[in-house]
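Residue-level structural notes
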Amino acid sequence: MKSWTRREFGGLTGGAVLTALRPRRARSQAKAKVAVIGGGVGGATVARYLASGTAPVEVTLVEPSGLYSTCFFSNLYLAGLRSFESLTHGYETLRRQYGIAVVHDSAEMIDPVAKIVGLSSGAKLSYDRVVLAPGIAFQDRAIDGYDAAAMEIMPHAWKAGAQTKLLRKQLQSMEDGGVFVLVVPPDPFRCPPAPYERASLVASYFQRHKPRSKILVLDAKSTFTGQDLFQDAWQRYYPGMIEWLPAEFTGGVKAVDVKARSVITAEETFKAAVANVIPAQKAGHLAQQMGLADRSGWCPVDPVTFESTLQPSIHLVGDAIIAGDMPKSAFSANSQAKACAFVLASVLTGSSRSTPHLFNSCYTFLAPDDAWSNAISYKPLAGTIRTAHASISKVDESSEMRRRAAGEAEGWYDAFTRDVFG
Ligand SMILES: Cc1cc2nc3c(=O)[nH]c(=O)nc-3n(C[C@H](O)[C@H](O)[C@H](O)COP(=O)(O)OP(=O)(O)OC[C@H]3O[C@@H](n4cnc5c(N)ncnc54)[C@H](O)[C@@H]3O)c2cc1C
């Protein structure tokens, strides 16, 4: 067994875990208990990779919902190109094949000293190590009037489920010639290219079903991810249909008027037939409540161990964390989750660990048969995560290459969701 130096042990695990490891030494065959909170991409991947490894662990995954619908590819659903069922996954394989105890409940608190997770049902879960992957929450009062009731009229559809279905229904019942207003939040937010992919795919839907309709993108930013690729495609495929207004033109979105179904910027009021308001974001509520987020609203972590720098002994992965150059994407969450699972396995077995290899790869649709792609590798550097190598689609790629990418994306979805949910 590896003997830890004091510095190494403190840096990797924090002092509190000493007590967690003691029982393991006393009962050499006892399994360590790992609690994973959040059964989205990050949490399900940590659970699956830990449970399928050689470390002697009992993994419990806490997730309120019995089914998980992916945000990725939900823009294809909005455009009528995919069914909602095809985006929805259960936890049966994780339970049956990997022996993970999946608890459908919500975590309300973590006591890192007693090593207990308190659940909404009142049940308590003891653990040796805990990983939190709570995804995102929306910033309160980022836009005047945009509250829980307003979301039912002007959906965000940025967490897949009822909101996504509502937006689809509104797009279907919208009259031809209406304006779809899409409000894009400031950085950082979940999946940087996704609002523009949404504009592209909704435009393809309009072209097929409501060709006189328009799309107005009200952006909080003045540039965006993949801008050259998107704007080139908008001109070629949807001339005159999509108008993108950066914050310097509008002064930014200030409020919504739900009754009038309008979006109010500093300069002008825009009447919408359908309004899709994506608010500014922060780490999921439990992370905020547990003091795991800093003033930015996101959670700082050690880029090698994914241990919180604010609450050592609690690990975090996915959209909730500050991950340097890595975007908030499902692929990033999956990659961080694997790295975190390997770190935990090495702690629990006393084996040596190596520097994590981190990746992000995305397919982004410009039209049903045109997707651009990227493949980026990252490495921990000077306390954060930096890009190592990047390969990104170019504007002048052949249409054949793009068509191939759109086809490959389907295979990517199947392989990726199998990697996460088994
Ligand atoms: C429109 C759109 C398109 C996208 N397209 C892509 C794409 O093409 N490729 C890509 O890589 N990424 C894409 N993404 C991003 C991707 O969906 C997210 O980055 C990814 O889901 C993040 O995973 P996560 O585990 O951090 O959070 P999530 O997947 O949101 O999972 C968080 C889970 O935690 C649970 N939870 C929260 N609080 C608690 C609690 N207190 N107790 C228990 N459980 C809790 C939630 O119920 C949820 O299931 C897209 C996103 C959007 C919105």
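Residue numbers run consecutively from 1 along every chain, following the written order of its sequence. Owing to the predicted nature of the model, reporting of local features is limited to residues with pLDDT of at least 70; listing and counting of side-chain atom pairs is limited to 80 or more, with chain, interface and lining totals taken over all residues. Only hydrogens and water are removed before side-chain values are computed, so all heavy atoms of the structure are retained for them.

**Let's talk about the sheet that holds strand β15 (residues 262-265)**
This is how the line gets drawn: If DSSP finds at least two bridges between two strands, the strands pair. Helix and strand definitions follow DSSP, with helices as H or I runs of at least four residues and strands as E runs of at least two, each counted in order from the N terminus. To get an axis, fit a line to the C-alpha atoms, keeping to the stretch in contact for a helix; angles then go from 0 to 180 degrees between the N-to-C directions.
The strand order β14-β15-β16 describes an open sheet built from three strands, whose pairing is antiparallel. Taken across any chain shown, the strands that pair with only one partner, and hence form the sheet edges, are β14 (253-257) and β16 (269-271). Strand-to-strand twist of the sheet, defined as the mean angle between neighbouring strand axes without regard to direction, takes the value 20 degrees. Where β14 and β15 come together, four bridges link them in antiparallel fashion. Among the inter-strand pairings, Val256 is bridged to a residue of β15, identified as Val263.

**Concerning the packing of helix α7 (residues 162-173) against helix α8 (residues 194-209)**
We count it as follows: Each crossing gets its hand from how the near helix is turned against the far one by less than a right angle, where anticlockwise is left-handed and clockwise is right-handed. Two residues qualify as a contact provided that any one of their heavy atoms is within 4.5 Å of a heavy atom in the partner residue.
Running from N to C, α7 and α8 point in directions that differ by 35 degrees, and their axes come no closer than 11 Å. Viewed along their axes, α7 and α8 form a crossing whose handedness is right-handed. Taken together, the residues of α8 that come into contact with α7 (itself represented by Leu167, Arg168, Leu171 and Gln172) are Arg198, Val202, Tyr205 and Phe206.

**Focus on the packing of aromatic side chains**
For clarity, the threshold we go by: Think of it this way: a Phe, Tyr or Trp ring, Trp meaning its six-membered ring, pairs with another when their centres are within 6.5 Å, and the plane angle makes it stacked under 30 degrees, edge-to-face over 60, tilted otherwise. Burial classes: relative accessible area under 20% of the type maximum marks a residue as buried, over 50% as exposed, and values in between as partly exposed (1.4 Å probe, protein chains only). Whether a charge sits over a ring comes down to the Lys NZ or Arg CZ being within 6 Å of the ring centre and within 35 degrees of the ring normal.
Under the counting rule described, the total for this entry stands at 21 aromatic pairs. Relative to Tyr413, the ring of Phe73 has its centre 4.8 Å away and its plane inclined at 40 degrees; by these criteria the two rings are tilted. In this pair, Phe73 is assigned in the loop between β3 (68-69) and α4 (74-78) and Tyr413 in helix α13 (residues 399-421), connecting sequence segments 340 residues apart. The exposure classification of Phe73 matches that of Tyr413, with both residues buried. Between Tyr237 and Tyr238 the ring centres are 5.8 Å apart and the planes differ by 50 degrees, which places this aromatic pair in the tilted class. Residue Tyr237 is classed as partly exposed on the basis of its relative accessible area of 24%. On the basis of relative accessible area, Tyr238 is assigned to the buried category, the value being 2%. The residue whose ring lies beneath Arg82 is Tyr413, and the NZ or CZ to ring-centre distance is 4.4 Å. Sitting over the face of the ring of Tyr237, Arg236 holds its NZ or CZ atom 4.8 Å from the ring centroid.

**A look at the sheet that holds strand β23 (residues 370-381)**
Read from one edge of the open sheet, three strands run β22-β23-β24, paired in antiparallel fashion. Sheet topology places β22 (358-367) and β24 (384-392) at the edges, where each strand pairs with a single neighbour. Neighbour to neighbour, the strand axes of the sheet diverge by 25 degrees on average, direction disregarded. Across nine bridges, β22 lies against β23 in antiparallel orientation. Within the sheet, the bridge partner assigned to Thr364 lies in β23 and is Trp372. Against the sheet, α13 contacts β22 and β23, and its axis sits at roughly 120 degrees relative to β22.

**Structural notes on the domain arrangement of the chain**
As a measure of interface size, the accessible area lost when the parts come together is often cited. Rules: Bear in mind that the domain bounds are from an automatic or database domain assignment. Put simply, buried area is the surface a 1.4 Å probe can reach on two separate parts but cannot reach once they are joined, added for both. Salt bridges are defined by distance alone: a side-chain nitrogen of Lys or Arg within 4 Å of a carboxyl oxygen of Asp or Glu. Any pair of N or O atoms that falls within 3.5 Å is considered a polar contact. Within protein, one atom must be able to donate a hydrogen and the other to accept it, and sequence-neighbouring residues count only if both atoms are side-chain atoms. Residue polarity follows a fixed list, in which Ala, Val, Leu, Ile, Met, Phe, Trp, Tyr, Cys and Pro are nonpolar, Asp, Glu, Lys and Arg are charged, and the others, Gly among them, are polar.
Looking at the chain, the domain boundaries give domain 1 (6-137 + 281-355) and domain 2 (140-277). One C-alpha centre belongs to domain 1, the other to domain 2; they are set 32 Å apart. At the interface, 21 residues of domain 1 touch 23 residues of domain 2. Note on domain 1 versus domain 2: buried area summed over both sides is about 2000 Å², and carbon and sulfur give 60% of it. Among the residues domain 1 hides against domain 2, the three largest losses belong to Asn75, Leu78 and Gln281. Together they make up 33% of the total. On inspection of domain 1 and its partner domain 2, the count reaches two salt bridges. In this structure, Asp319 and Arg190 form a salt bridge, with 2.5 Å as the shortest nitrogen-oxygen distance. At the boundary of domain 1 and domain 2, one finds nine residue pairs in polar contact (both at pLDDT 80 or more). At the level of secondary structure, the elements contributing two or more residues to the side of domain 1 that touches domain 2 comprise α4, β10 (136-138) and β18 (281-283). Ranked by the residues each element gives to the side of domain 1 that touches domain 2, the list is headed by α4, at five residues. Per-class residue counts for the side of domain 1 that touches domain 2 are eleven nonpolar, seven polar and three charged.

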